[in-house]
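Structural overview for review
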Amino acid sequence: MELTGAVPALTAAYEVIRRPLGEILPRLSEVLSEAVPHLAAAELSTHCAHSPFKTAGDPEITGRLSTADLAPLLAAGTPGRPWQGTLDLAGAERPVLAVTSHATPRGAVLLLVRDTAATPVDESVTALVQALWDIVTSHFERLAAEAMPGALARSRTAAGTRARVIAELGEAYSAALTGVLGVLRSRTLDDAAARATATDLAVSALVELRAEAERDQQIAEEPADQAFARLAESLRPLVRYSPVRLELGAPDSVRTLAADVAHTARAVVRAVLMKALEQESVTRVHVCWQINDDELRATVRDDGPGTLTPEALAPGRVRDRLDVLKGRLDIDAVPGWGTTVSATIPLRVSQDPAPDPLTALGERELEVLARLALGHRNRAIAQELHISESTVKFHVAKILTKLGVESRGAAAALFHAVA
């Protein structure tokens, strides 16, 4: 696709972000292929709790890439200044273009692996690639920050699978390497030099295995204090020109939170705070997080009239978000004294999650189903998603087929049962 000019560039951006999340990188690679010919593309996006590392292109290359290849680029990259150079990737020295964006708070990097004969890309083209990547990552951040129920369901299921796989691989490799070390350290072996060399190799492999698991954890999780600090930063502008005093109680915990939990807790607190500020006579709102081994409790307490109801929170889909993570919402309203709203989110992810039928749906299909489950008709769904009614009908037909149900009501019931 030609990227020269504002209209083609905007069209390219639209073509990319309109795709379901799992198809964005392949489509982005296709869009950039003419301007920046490349063999493979990879991304490391810290917004994504369930699959922060993605690849597209030549399987001979993508099959040998890992987060270890992109993590240094993310750490060293400068947003707005794409880097061209050569890296040792997939067993060969290959020219690459690396583009870093800070449109998400923790950053994201796009890597294009080029042919060995490729010539450097013109600065005007790298600037367009940078702008396109910034748009894509901004789209990622919006989806993560709003904690859409469909995306959360996919994230929680994948997080459980990832945790189980990492645990199993870690145990298997640790057992194997520990056995090798035990043999090589045996005093019955005479070749000390061989023993020392093999020991160093085994130790290095074990260290790298553990480092890989730690990198995955750092990307897919947030320290609780940093997660709350991000929340506080987003709440202060809401009361900057208001007479309401905002009090913040940070969690007294050093543990990390799964990214989907942190995103949901922030989204729920923001939604509840905005509803609390709509009430008359509110002068003070206290927001705090409490964390123990099993759950995170996010509390919003105001000194208003004490008339806030569960129905008032429905438009923000607060309950839908919490239901996906098996959380709950408690409201304690005392007329004349104020309202306390508490959202409780479990922290433990099942190590063997049940198959989720919603994973068969694309991102747009999940958005349609979420609204269908709320009882919205086709016209309302079309208006909310800015698509035509015929497109909605097409998506509904595909949803019914993929879920193996015969009616909208059955699809809605399945959504509520899974989410």
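Everything below is about the structure printed above this text.
These numbers were taken from a predicted model, which means no experiment stands behind them. (Residues numbered from 1 in each chain as written. Predicted model: local features only at pLDDT ≥ 70, side-chain atom pairs only at ≥ 80, totals over all residues. Heavy atoms only, no water.)

As a further point, take the overall build of the chain. The helix and strand tally for the chain stands at 14 helices and 12 strands. Classification of the 419 residues of the chain by burial places 45% in the buried group. Of the contacts formed within the chain by residues at least 6 apart in sequence, a portion of 66% connects residues at least 24 apart. Accessible surface, the chain: about 20,400 Å² in total, of which carbon and sulfur atoms supply 55%. (Helix = DSSP H or I, 4+ residues; strand = E, 2+ residues; numbered from the N terminus. Buried < 20%, exposed > 50% of the residue type's maximum accessible area, 1.4 Å probe, protein only. Contact = heavy atoms within 4.5 Å. Areas by Shrake-Rupley, 256 points an atom, 1.4 Å probe, with all protein chains shown as cover.)

All right, on to the pairing of strand β5 (residues 108–113) then. Buried residues dominate β5, accounting for 6 of its 6 residues. Where burial is concerned, the two faces of β5 agree: the one with A108, L110 and L112 and the one with V109, L111 and V113 are both buried. Inspection of the sheet shows strand β1 (residues 40–45) paired to β5 by 6 bridges, in the antiparallel sense. By the bridge assignment, A40 is partnered in β5 with V113. Inspection of the sheet shows strand β4 (residues 92–101) paired to β5 by 6 bridges, in the antiparallel sense. Counted as the bridge partner of V99 is L110 from β5. (Pairing = 2+ DSSP bridges.)

A few words on the side chain of R94. Among the structural elements, R94 can be located in strand β4. Engagement of the side chain of R94 in a polar contact is seen with the backbone oxygen of L89, the distance being 3.0 Å. With residues near it in sequence (within four places) discarded, R94 still touches L39, I61, G85, T86, L87, L89, V113 and R114. (Polar contact = N/O pair within 3.5 Å; in protein donor to acceptor, adjacent residues only side chain to side chain.)

Below, the discussion takes up the packing of helix α8 (residues 224–239) against helix α9 (residues 259–277). Two elements in contact, α8 and α9, have axes whose closest approach is 10 Å; the angle formed by their N-to-C orientations is 20°. With respect to each other, α8 and α9 are oriented roughly parallel. Read as a crossing pair, α8 and α9 show a hand that is right-handed. On the side of α8, the interface is formed by A227, R230, L231, S234, L235, L238 and V239, while α9 contributes A262, H263, R266, V269, R270, L273, M274 and L277. Here the residues of the contact of α8 with α9 are counted per class, giving 10 nonpolar, 2 polar and 3 charged. (Axes fitted to C-alpha atoms, helices over the stretch in contact; angles between N-to-C directions. Parallel < 35°, antiparallel > 145°, perpendicular 65-115°, else oblique. Left-handed = near helix turned anticlockwise from the far one by under 90°. Nonpolar A, V, L, I, M, F, W, Y, C, P; charged D, E, K, R; others polar.)

On to the packing of aromatic side chains, then. Throughout the structure, instances matching the rule amount to 1 aromatic pair. Measuring from ring centre to ring centre gives 5.3 Å for F228 and W289, while their planes differ by 75°; the resulting arrangement is edge-to-face. Note that F228 is positioned in helix α8 and W289 in strand β9 (residues 284–291), a separation of 61 residues in sequence. Assigned by exposure class, F228 and W289 land together as buried. (Phe/Tyr/Trp six-rings, centres within 6.5 Å; stacked < 30°, edge-to-face > 60°.)

We now examine the sheet that holds β1. Taken together, 5 strands build an open sheet; the order of strands is β2-β1-β5-β4-β3 and the sheet is antiparallel. In the strand order of this sheet, the two ends are held by β2 (53–57) and β3 (83–89), each with one partner. Each adjacent strand pair in this sheet contributes to an overall mean axis angle of 25°, direction not counted. Sheet analysis places β3 next to β4, joined by 7 bridges and oriented antiparallel. Looking across to β4, one finds that L87 is bridged to R94.

Inspection of every chain in the model, using the stated rule, returns 12 salt bridges. Residues E222 and R266 are paired through a salt bridge, measuring 3.1 Å at the closest nitrogen-oxygen approach. Here E222, found in strand β6 (residues 221–223), pairs with R266, found in helix α9; they are 44 residues apart in sequence, far enough to count as distant. Here E222 falls in the buried class, since its relative accessible area comes to 2%. E365 serves as the salt-bridge partner of K398, at 3.5 Å between the closest nitrogen and oxygen. In this pair, K398 sits in helix α13 (residues 389–403) while E365 sits in helix α11 (residues 363–373), placing the two residues 33 residues apart along the sequence. (Salt bridge = Lys/Arg side-chain N within 4 Å of Asp/Glu carboxyl O.)

A few words now on the sheet that holds strand β7 (residues 245–249). The strand order β7-β9-β10-β12-β11 describes an open sheet built from 5 strands, whose pairing is mixed. The outermost strands of the open sheet, each flanked by one partner alone, are β7 and β11 (328–334). Shown here is a sheet whose adjacent strand axes are inclined to one another by a mean of 10°, direction ignored. Sheet strands in contact with α8 are β7 and β9, and its direction is about 165° off that of β9. Contacts from α9 reach β9, β10 (295–302) and β12 (338–346) within the one sheet, and its direction differs from that of β9 by about 160°.

The analysis is restricted to geometry; functional conclusions fall outside its scope.
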